[in-house]
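Observations on the three-dimensional arrangement
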Amino acid sequence: LGEILECKKQENELTKEQIRDILSRLNYNEKEIQYACQFMGPTEFEVNAKLPWQKTGIYIRPWNQIQIKHISGKWVFNPELQSCGPEGNRGLFAKYGYALPGSPEGALIGKVGEYKFNAGATNTICIDEEGELEFVINDDNLKKIIKSQY
């Protein structure tokens, strides 16, 4: 399967949607389809600072290398402070109740399974977890946001 996908990718014959459709018809499960499609080049997604953990559609297996690169955008996590990017406010460290205590407030936080990490603006990591890659901003409003959705 890996060789077929790589061959087709080089010839630019199939899109991610076409690969997804083919694998679905061959009765591959959703995890296998996500895993295969992520090798079709970089996946871009937007993180909304007003939402709790956001799924990316990228499935990570143990010891897969993850490369994260911020493309553009800033957010305001505290109306009394200036906006910041995914590195957060390096002068303020998150306390209990934030997505990742000890990391800068407002930073981009990633999660695979139960493992959380400070993604920042550019990061390459390798973790021993399995699951879908998710992101959230490191803010204490996370509890309020989650409660308001239920």
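Residues numbered from 1 in each chain as written. Predicted model: local features only at pLDDT ≥ 70, side-chain atom pairs only at ≥ 80, totals over all residues. Heavy atoms only, no water.

1. Some remarks on the nonpolar core
Residues Ile 66, Val 112, Phe 117, Leu 133 and Phe 135 are the most contacted members of the largest nonpolar core, which totals 17 residues. Elements supplying a minimum of two residues to this core: strand E1 (54-60), strand E2 (65-69), strand E5 (108-112) and strand E8 (131-137). Setting aside residues up to four positions removed in sequence, Phe 135 forms contacts with Phe 45, Val 47, Pro 52, Trp 53, Gln 54, Thr 56, Ile 68, Leu 108, Ile 109, Gly 110 and Ala 119. Membership of the second largest hydrophobic core comes to 6 residues, among which are Trp 53, Ala 99, Ala 107 and Ile 109. (Core = buried A, V, L, I, M, F, W, Y, C linked by side-chain atoms within 4.5 Å. Buried < 20%, exposed > 50% of the residue type's maximum accessible area, 1.4 Å probe, protein only. Helix = DSSP H or I, 4+ residues; strand = E, 2+ residues; numbered from the N terminus. Contact = heavy atoms within 4.5 Å.)

2. Here we look at the sheet that holds E8
Spatial strand order, E1-E8-E5-E6: 4 strands in an open sheet with antiparallel pairing. The open sheet has two edge strands with one neighbour each: E1 and strand E6 (115-118). Each adjacent strand pair in this sheet contributes to an overall mean axis angle of 25°, direction not counted. (Pairing = 2+ DSSP bridges. Axes fitted to C-alpha atoms, helices over the stretch in contact; angles between N-to-C directions.)

3. Let's talk about the pattern of salt bridges
Counted under the stated rule, the structure contains 4 salt bridges. Ionic pairing is found between Asp 21 and Arg 25, a salt bridge with its closest N-O pair at 3.0 Å. Taken together, the residues span about one helical turn, with Asp 21 and Arg 25 both in helix H2 (residues 16-25) at a distance of 4 residues. With a shortest N-O distance of 3.5 Å, Lys 95 and Glu 105 are connected by a salt bridge. Taken together, the positions of Lys 95 in the loop between strand E3 (89-93) and strand E4 (104-105) and Glu 105 in strand E4 put the pair 10 residues apart, joining distant regions of the chain. The class for Glu 105 is buried, based on a relative accessible area of 7%. (Salt bridge = Lys/Arg side-chain N within 4 Å of Asp/Glu carboxyl O.)

4. Examining the packing of aromatic side chains
Any aromatic ring pair is given by two values, namely how distant the centres are and how the planes are angled relative to each other. Applying the stated criterion across every chain yields a total of 2 aromatic pairs. Between Phe 45 and Phe 135, the aromatic rings sit 5.3 Å apart at their centres with planes inclined by 25°, giving stacked as the arrangement. Residue Phe 45 is found in the loop between helix H3 (30-37) and E1, and its partner Phe 135 is found in strand E8; the two are separated by 90 residues along the sequence. Residue Phe 135 is classed as buried on the basis of its relative accessible area, which comes to 1%. Ring plane angle 20° and centroid distance 6.2 Å describe the contact between Tyr 115 and Phe 117, whose orientation is recorded as stacked. When its relative accessible area of 39% is taken as the criterion, Tyr 115 is described as partly exposed. (Phe/Tyr/Trp six-rings, centres within 6.5 Å; stacked < 30°, edge-to-face > 60°.)

Function cannot be inferred from these measures alone, as they are strictly geometric.
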